[in-house]
Amino acid sequence: MLEDIKEILITEEEIKNKLRELGEKITRDYKDKDNVLVVGVLKGAVLFIADLIRHIQLPVQLDFMAVSSYGASTKSSGVVRILKDLDEEVEGKHILIVEDIIDSGLTLSYLYSMLKSRKPASIKICTLLDKPSRRKVDIEVDYLGFEIPDLFVVGYGLDYNEKYRNLPFIGILKPEVVKPADNPD
Ligand code: 5GP
Ligand code: MG
Ligand code: MG
């Protein structure tokens, strides 16, 4: 698997340090709230959310949603489909959406309005990665891990054709690993 990686963009150590920082900030910001629901977006955010909530020193609830926007390609189709909705009620709760990466912003902007319509007390967004240069809609990010350039990244939850999610770092694939149709070059 490591032989498929061209470059490590963010190391395991850098991720670890950032999670501690984000967790402490979230703990401070939500310390007076007793109804916090942390919502992970499957599957990309699974590693991030699992590690992040260990640094949130509050009795938060945890739930997941699954949406599809990309299919097997590395390009956004702009179409968001709900594959799995939340199990928990949203009304009156402080919602913290946890995403792996914001690219065009279309996925999150859709999720945000959908959750907002369920009358939460508040909604905030936490993302591990952000590619601001690719944004198509305005999104206000409350907690950000790392800003990255316009590159297709894998690892720490992020996939290429459902693979490489289990890499402990964020990296980019060698061009020969990426199918020609998915390759921007
Ligand atoms: P958006 O709707 O913001 O364009 O796309 C968000 C989703 O697209 C992310 O949650 C992620 O699943 C996928 N995505 C965007 N950029 C990348 C990337 O560089 N690598 C991977 N693996 N997925 C990405
Ligand atoms: Mg995602
Ligand atoms: Mg994906």
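Coordinates for the structure precede this section.
Residues numbered from 1 in each chain as written. Chains lettered and ligands numbered in written order. Predicted model: local features only at pLDDT ≥ 70, side-chain atom pairs only at ≥ 80, totals over all residues.

**Concerning the overall build of the protein**
And then number 1: What the protein contains, in helices and strands, is three helices and nine strands.
And then number 2: Relative to its length of 185 residues, the protein is compact, with a C-alpha radius of gyration of 16 Å against a globular reference of 16 Å.
And then number 3: For the protein, the spread of C-alpha atoms along the three principal axes comes to 50 × 35 × 25 Å.
And then number 4: For the protein, the residues scored as buried account for 28% of the 185 residues in total. (Helix = DSSP H or I, 4+ residues; strand = E, 2+ residues; numbered from the N terminus. Rg over C-alpha atoms; globule rule 2.2 N^0.38 Å. Buried ≥ 20, exposed ≤ 12 C-beta atoms within 10 Å, placed from the backbone.)

**A word on the environment of Ser 109**
And then number 1: For Ser 109, the position within the fold is in helix H3 (residues 106-116).
And then number 2: For Ser 109, a count of 18 C-beta atoms within 10 Å corresponds to the partly exposed category.
And then number 3: For Ser 109 and Val 36, which are 73 residues apart along the polypeptide, the C-alpha to C-alpha distance reads 20 Å.
And then number 4: Dropping the residues within four chain positions of it, Ser 109 is found in contact with Val 137 and Ile 139. (Contact = placed C-beta atoms within 7 Å.)

**Structural notes on the pairing of strand S2 (residues 36-42)**
And then number 1: With respect to burial, S2 is a largely interior element, six of its seven residues being buried.
And then number 2: Strand direction decides the pairing type here: S2 and strand S5 (residues 94-102), joined by five bridges, are parallel. The residue bridging Val 39 from the neighbouring strand is Ile 97, located in S5.
And then number 3: Sheet topology note: the S2/strand S3 (residues 61-68) ladder contains six bridges and is parallel. The partner of Val 39 across the bridge, within S3, is Asp 63.
And then number 4: Handedness of the crossover joining S2 and S3 through helix H2 (residues 46-52) is recorded here as right-handed. (Pairing = 2+ DSSP bridges. Right-handed = clockwise from strand over helix to strand, strands pointing away.)

**Overview of helix H1 (residues 12-29)**
One turn of an α-helix holds 3.6 residues; hence residues three or four places apart share an orientation.
And then number 1: In a regular helix each residue adds 1.5 Å, so 18 residues correspond to 26 Å; H1 covers 26 Å between its end C-alpha atoms and thus fits that length.
And then number 2: Within the sequence span of H1, burial applies to Ile 15, Leu 22 and Ile 26. Projected down its long axis, H1 carries its buried residues within an arc of 35 degrees, all on one side. In H1, those exposed residues whose orientation departs by more than 90 degrees from the buried face are Glu 13, Asn 17 and Arg 28.
And then number 3: If you follow the buried residues of H1, they end up packed against strand S1 (5-10), H2, S5, strand S6 (122-130) and strand S7 (143-147). (Expected span 1.5 Å × (residues − 1). Arc of directions from axis to C-beta.)

**Comments concerning the sheet that holds strand S9 (residues 170-173)**
And then number 1: Ordered by their spatial adjacency, three strands build an open sheet running S1-S9-S8, and the pairing between neighbours is antiparallel. Lying at the two open borders of the sheet, with one neighbouring strand each, are S1 and strand S8 (153-154).
And then number 2: Where S8 and S9 come together, two bridges link them in antiparallel fashion. Directly across from Val 153, in S9, lies its bridge partner Ile 172.

**Quick word on the nonpolar core**
And then number 1: By size, the foremost hydrophobic cluster in this structure holds 37 residues, and its most contacted members are Phe 48, Leu 96, Ile 97 and Val 98.
And then number 2: At the level of secondary structure, the elements contributing two or more residues to this core comprise H1, S2, H2, S5, H3, S6, S8 and S9.
And then number 3: No other element matches the six residues that S5 contributes to this core.
And then number 4: In contact with Phe 48, not counting residues within four places along its chain, are Val 98, Asp 100, Leu 128, Tyr 156 and Gly 157. (Core = buried A, V, L, I, M, F, W, Y, C linked by C-beta atoms within 7 Å.)

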